[in-house]
Amino acid sequence: MTDSPDPATTRPAEEYRYPCPRCGSDMRYAPGEDDLVCPHCGHAQAIPPPSRHERAEALGELDYHFAIRNALPETAMEETRVLSCPGCGAQVEFTPNTHAAECPFCATPVVTDTGTHRHIKPAALVPFQLEEREAREAMVRWLGRLWFAPNGLQDYARKGRALAGLYVPYWTFDADTASRYDGERGDYYYETRTVTRRENGRDVTREERVRKTRWQRVSGRVSRAFDDVLVMASTGLPRDKADGLAPWDLTVLQPYRPDYLAGFRAEGYTLALDAGHDLARAHMDRVISDDVRRDIGGDEQRIGRIATDVDNEGFKHILLPVWMAAYRYRGRAFRFVVNGQTGKVQGERPWSAWKIAFAVVLALLAAAAVAYVAQNQQP
């Protein structure tokens, strides 16, 4: 879904920069507020609220089938200047005057790409609610609970290295589904039988209840309307870590405005729309399977076949706020991510072999001491 760049639509360098009218410094979006704030002189400037039309257009869905036929309107597309990380493959948007940087996902030094990338532009975003200080405090608390982390990792937390604020791309998918199924319903029943067993050299006869299952064929229909099934559109973060940042409150989605990106970075999506759609459909299929089991009822269920008709498939491209830090330990990259809306933390970390070995030795010494005391107390 890419086309050749059109210089006339390339995002201008000034778009994410907002000079302070008092001192000329670059203003930044203030997390949790609707303001741009100058970090130099403290001047605040309100972000204009969206109109009703802007909100309705931004929070509405685009037609998925139009998108895969490259038939979306030009207003849904944009071009950005991005860098591609050679370490993890992430694509992160930078202003054109940035030439060298560190990848926020894996800490690999990267050089910005000089080309442009044409893609579906974000329609909406969840603004940052936590400042960097609050996110770092959440990460420090999380790291403090890691019993066997290397000292280097704990020093990392104590020194308070700044986290990078990044808007991570997501797809949301909507669909109306109607499913026909056939299968079997199993209901438990019990029979009493007499059994004889040899116990202590004697034959003992007892009656016992035996559970059995009565199966009957069933068929039926279930339907469900899916709304905003989230799929991360980044390949720069481990999916399990990103999924661990859920839940997100999407009721506070705001129409996309570059004001909210002032002072932050935004990653371009690296998971294509159709690949995201496949993941969303797999999630929907699991939910539908659970619906079918509930509809079948009984004590056990066997699903033979599910045929699903899908209608009204729509999607949005949105950005969600994540604070992250990356560091390298013995040649490997380890990442921490903090939900910029709720403060929930996920991360990777190495284990300290000597700390684990020390804990094992202490445990063995303690066990030996207990055994010694017990042995000496025997008459």
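Source: prediction; values computed, not measured.

Draft legend 1. Broad picture of the overall build of the protein chain. Within the protein chain, the regular secondary structure consists of seven helices and 17 strands. Counting every position in the protein chain, which comprises 379 residues, the buried fraction comes to 42%. Nonlocal contacts in the protein chain, meaning residues at least 24 apart in sequence, comprise 75% of its contacts between residues at least 6 apart. Entry remark: accessible area of the protein chain is about 20600 Å², with carbon and sulfur atoms responsible for 50%.

Draft legend 2. Up close: the environment of E348. Looking at the element boundaries, E348 is found in the loop between β17 (345-347) and α7 (353-376). Taking the C-alpha atoms as reference, E348 lies 9.1 Å from V337; in sequence the two are 11 residues apart.

Draft legend 3. Region of the structure containing the state of the cysteines. The full count for this structure, using the stated rule, is zero disulfides. This cysteine, C20, is not joined by any disulfide, and C41 carries the nearest cysteine sulfur, 3.6 Å off. On the basis of relative accessible area, C20 is assigned to the buried category, the value being 5%.

Draft legend 4. A look at the pairing of strand β11 (residues 164-199). Examined bridge by bridge, β11 and strand β14 (residues 265-268) share two bridges and lie parallel to one another. Residue pairing in the sheet places Y167 in a bridge with A266 of β14. Across 29 bridges, β11 lies against strand β12 (residues 202-232) in antiparallel orientation. Residue pairing across strands places G186 opposite W215, the latter belonging to β12. Once β11 ends, the chain turns through two residues before running back antiparallel as β12, passing N200 with a positive phi of about 55 degrees.

Draft legend 5. Representation of the packing of aromatic side chains in the model. Tallied over the full model, the rule gives 12 aromatic pairs. Pairing Y64 with F173 gives two aromatic rings, centres 6.5 Å apart and planes at 75 degrees, and the pair type is edge-to-face. With Y64 in helix α2 (residues 64-68) and F173 in strand β11, the pair connects residues that are 109 residues apart, well separated along the chain. The exposure class of F173 is buried, given its relative accessible area of 1%. The side chain of R28 reaches across the aromatic face of F264, ending 5.5 Å from its centre. Over the ring of F226 we find R224, and its NZ or CZ is 6.0 Å from the ring centre.

Draft legend 6. Broad picture of the nonpolar core. With 29 residues, the main nonpolar core has Y29, Y167, W323 and V338 as its most contacted residues. Contributing elements (two or more residues each) for this core: α3 (132-144), β15 (300-329) and β16 (332-339). Per-element tally for this core: the top contributor is α3, with five residues. Setting aside its immediate chain neighbours within four residues, V338 contacts A135, A138, M139, L163, L245, P321, V322, W323, G343, K344 and V345. Core analysis: the second largest hydrophobic core is formed by 26 residues, A233, A280, M284 and V292 among them.

Draft legend 7. Spatial organisation of the sheet that holds strand β3 (residues 44-46). Pairing within the open sheet is antiparallel, and its three strands lie in the order β1-β2-β3. Strand pairing shows two members of the sheet lacking a second neighbour, β1 (28-29) and β3, which therefore form its edges.

Draft legend 8. Broad picture of the pattern of salt bridges. Per the stated rule, a full pass over the model turns up 18 salt bridges. Across the salt bridge formed by E184 and R302, the nearest N and O atoms sit 3.5 Å from each other. Of the two residues, E184 is situated in strand β11 and R302 in strand β15; the sequence distance between them amounts to 118 residues. We classify E184 as partly exposed; its relative accessible area is 23%. Among the residues examined, R302 registers a relative accessible area of 41% and is labelled partly exposed. With a closest N to O distance of 3.3 Å, E208 and R193 form a salt bridge. Residue E208 is found in strand β12, and its partner R193 is found in strand β11; the two are separated by 15 residues along the sequence. In this structure, a network of salt bridges that share partners links the residues E61, D228 and K316.

Draft legend 9. Quick look at α3. Taking 1.5 Å per residue, 13 residues should reach 18 Å; α3 reaches 18 Å between its end C-alpha atoms and fits that length. Every buried residue of α3 is listed here: E132, A135, A138, M139, W142 and L143. Down the axis of α3, the sector holding all buried residues measures 135 degrees, keeping them to one side. Looking at α3, the residues exposed on the side facing more than 90 degrees away from the buried face are R141 and G144.

Draft legend 10. Structural view of the environment of T270. With respect to the helices, strands and loops of the structure, T270 is situated in the loop between β14 and α6 (273-296). Among the residues examined, T270 registers a relative accessible area of 24% and is labelled partly exposed. Sequence separation of T270 and S234 is 36 residues, and the distance between their C-alpha atoms is 5.2 Å. Here the side chain of T270 touches T235 through a polar contact of 2.8 Å, side chain to side chain.

What counts as what
- Residues numbered from 1 in each chain as written.
- Predicted model: local features only at pLDDT ≥ 70, side-chain atom pairs only at ≥ 80, totals over all residues.
- Heavy atoms only, no water.
- Helix = DSSP H or I, 4+ residues; strand = E, 2+ residues; numbered from the N terminus.
- Buried < 20%, exposed > 50% of the residue type's maximum accessible area, 1.4 Å probe, protein only.
- Contact = heavy atoms within 4.5 Å.
- Areas by Shrake-Rupley, 256 points an atom, 1.4 Å probe, with all protein chains shown as cover.
- Disulfide = S-S within 2.5 Å.
- Pairing = 2+ DSSP bridges.
- Phe/Tyr/Trp six-rings, centres within 6.5 Å; stacked < 30°, edge-to-face > 60°.
- Lys NZ or Arg CZ within 6 Å of the ring centre and 35° of its normal.
- Core = buried A, V, L, I, M, F, W, Y, C linked by side-chain atoms within 4.5 Å.
- Salt bridge = Lys/Arg side-chain N within 4 Å of Asp/Glu carboxyl O.
- Expected span 1.5 Å × (residues − 1).
- Arc of directions from axis to C-beta.
- Polar contact = N/O pair within 3.5 Å; in protein donor to acceptor, adjacent residues only side chain to side chain.

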